[in-house]
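Examination of the molecular architecture
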Amino acid sequence: MKIIAYGIRDDEKPYLEEWVKDNKIEVKAVSELLDSNTIEQAKGYDGVVAYQQKPYTDDLFDKMNEFGIHAFSLRNVGVDNVPVEALKRNNIKITNVPAYSPMAIAELSVTQLLALIRRIPEFDAKMARGDFRWEPDIALELNQMTVGVIGTGRIGRAAINIFKGFGAKVIAYDVFRNSELEKEGIYVDSLEELYRQVDVITLHVPALKDNYHMLNDEAFAQMHDGVFVLNFARGSLIDTKALLKALDSGKVAGAALDTYEDEVGIFDVDHQNDPINDPVFNDLYSRRNVKITPHAAFYTKPAVKNMVQIALENNKALIEKGAARNEVKFD
Ligand code: COI
């Protein structure tokens, strides 16, 4: 059995090498991303492992089929950049890594919220210019706030536990309810109900056609003034222009974002000599009450180890048995 793994970064290599040593399976690590040019390198391999944010194009799967490859394993969770029809027509099975570290995402989202409500960006800026006074940057306390968690999968549940640890009141919305949380009576019946009650909204749902721009003008209008918005899920969930208006009006007091709807080409790129040419993003980024991280919530040592090793394990299972624990099935 031979596997080819695309887009392998230096920080992933030790985990890949450890897996190769334990499993005695040949894995070729390629630093380039998977695209129409690099797919040629997959000829002669039995399975493909990849991770990238840029879209996987249809032709990649036509080529895999031509090369006799029917096992495709992602090192991440989101499958929104994969063309489902091309997979199906080429009879290619796909796996993801659904739980490489829910805590990695949840911890950063809460960290950024705490920074916002404790006015850390304001104190950092003031102190950098020598002003060590308190006023006017009086803070809020998380233990006094109501947090609305949208999406109660693994990441949403990890976030709920952290928020509860801080003493916040937590309510949640999900179309698929978790039985334990249901027993606790945490769920509200509609998003409208959640929007009306919360001081903080945190998004933990996958990107779907139905939830494109779920936080839009209409949604913001239902919230009270001074709400905080966290998006550590997918950029498409927020209408960024509506968020900017809500920040201008004070409807939204602050936002922490690890994702942005047009992030490909902006995040995980060195812009020191290549300024970002996206006025909407630049407006967002210029604001002290908006904290942005470059889709880096996942980027912890435990998470990266799991992403690499679980993806390889999945790919091996698909090749050997035509089935794997983390196979993603589309209707
Ligand atoms: C995912 O796992 O789908 C993510 O969003 C994290 C990715 C940047 C590795």
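On a predicted model such as this, the values are computed, not experimentally measured, just so you know. (Residues numbered from 1 in each chain as written. Predicted model: local features only at pLDDT ≥ 70, side-chain atom pairs only at ≥ 80, totals over all residues.)

Some words on the site of the ligand
- The immediate surroundings of the ligand are formed by Tyr51, Asn76, Val77, Gly78, His295 and Phe298.
- Classifying every residue of the shell around the ligand gives three nonpolar, three polar and no charged. (Near = placed C-beta within 6 Å. Nonpolar A, V, L, I, M, F, W, Y, C, P; charged D, E, K, R; others polar.)

Topic: the sheet that holds strand 11 (residues 290-292)
- Pairing is parallel across the open sheet formed by six strands, whose spatial order is 7-6-8-9-10-11. Where the open sheet ends on each side, the last strands, each with one partner, are strand 7 (169-173) and strand 11. Averaged over all neighbouring strand pairs, the angle between strand axes comes to 15°, with direction disregarded.
- As defined by bridge partners, strand 8 (residues 200-203) adjoins strand 9 (residues 227-231) across four bridges and the pair is classed as parallel. When the sheet's bridge partners are listed, Thr202 is paired in strand 9 with Leu230. (Pairing = 2+ DSSP bridges. Helix = DSSP H or I, 4+ residues; strand = E, 2+ residues; numbered from the N terminus. Axes fitted to C-alpha atoms, helices over the stretch in contact; angles between N-to-C directions.)

Considerations on the sheet that holds strand 4 (residues 71-74)
- Read from one edge to the other, the open sheet built from five strands follows the order 2-1-3-4-5, with strand pairing classed as parallel. Each edge of the open sheet is held by one strand with a lone partner, namely strand 2 (26-29) and strand 5 (93-95). Each neighbouring strand pair of the sheet contributes to a mean axis angle of 20°, computed without reference to strand direction.
- Here strand 4 runs beside strand 5; their pairing, made up of three bridges, is parallel. Residue pairing across strands places Ala71 opposite Lys93, the latter belonging to strand 5.
- Relative to the sheet, helix 12 (residues 301-321) contacts strand 1 (2-5), strand 2, strand 3 (47-50), strand 4 and strand 5, its axis offset from that of strand 4 by approximately 165°. (Contact = placed C-beta atoms within 7 Å.)

Here we look at the domain arrangement of the chain
- Domain annotation for the chain reports domain 1 (1-98 + 299-319) and domain 2 (101-290).
- Each of domain 1 and domain 2 has a C-alpha centre, and the two are 31 Å apart.
- Each partner contributes to the interface: domain 1 provides eight residues, whereas domain 2 provides six residues.
- Looking at side-chain class alone, the side of domain 1 that touches domain 2 contains two nonpolar, four polar and two charged residues. (Domains from an automatic or database assignment.)

Concerning the pairing of strand 4
- Neither face of strand 4 is exposed, since Ala71 and Ser73 on one face and Phe72 and Leu74 on the opposite face are all buried.
- Taken together, the three bridges between strand 3 and strand 4 define a ladder with parallel strand orientation. Looking at the pairing, Val49 lines up with Ser73 of strand 4.
- Taking the sense of rotation as the criterion, the β-α-β connection linking strand 4, helix 3 (residues 84-89) and strand 5 turns out right-handed. (Buried ≥ 20, exposed ≤ 12 C-beta atoms within 10 Å, placed from the backbone. Right-handed = clockwise from strand over helix to strand, strands pointing away.)

A word on the confidence of the model for the chain
- In this model, the chain carries a mean pLDDT of 97, and residues with pLDDT of at least 70 account for 100%.
- Scoring the predicted complex yields pTM 0.92 and, for the interface, ipTM 0.93. (pLDDT = per-residue confidence, 0-100.)

Thoughts on the packing of helix 1 (residues 13-23) against helix 12
- Across the interface, helix 1 lies against helix 12 with an axial gap of 9 Å and an inter-helix angle of 40°. Relative to helix 12, helix 1 is oriented oblique. Crossing angle aside, the handedness with which helix 1 passes helix 12 is right-handed. In contact with Tyr15, Leu16, Trp19 and Asn23 of helix 1, helix 12 contributes Val304, Lys305, Val308, Gln309, Leu312 and Lys316. (Parallel < 35°, antiparallel > 145°, perpendicular 65-115°, else oblique. Left-handed = near helix turned anticlockwise from the far one by under 90°.)

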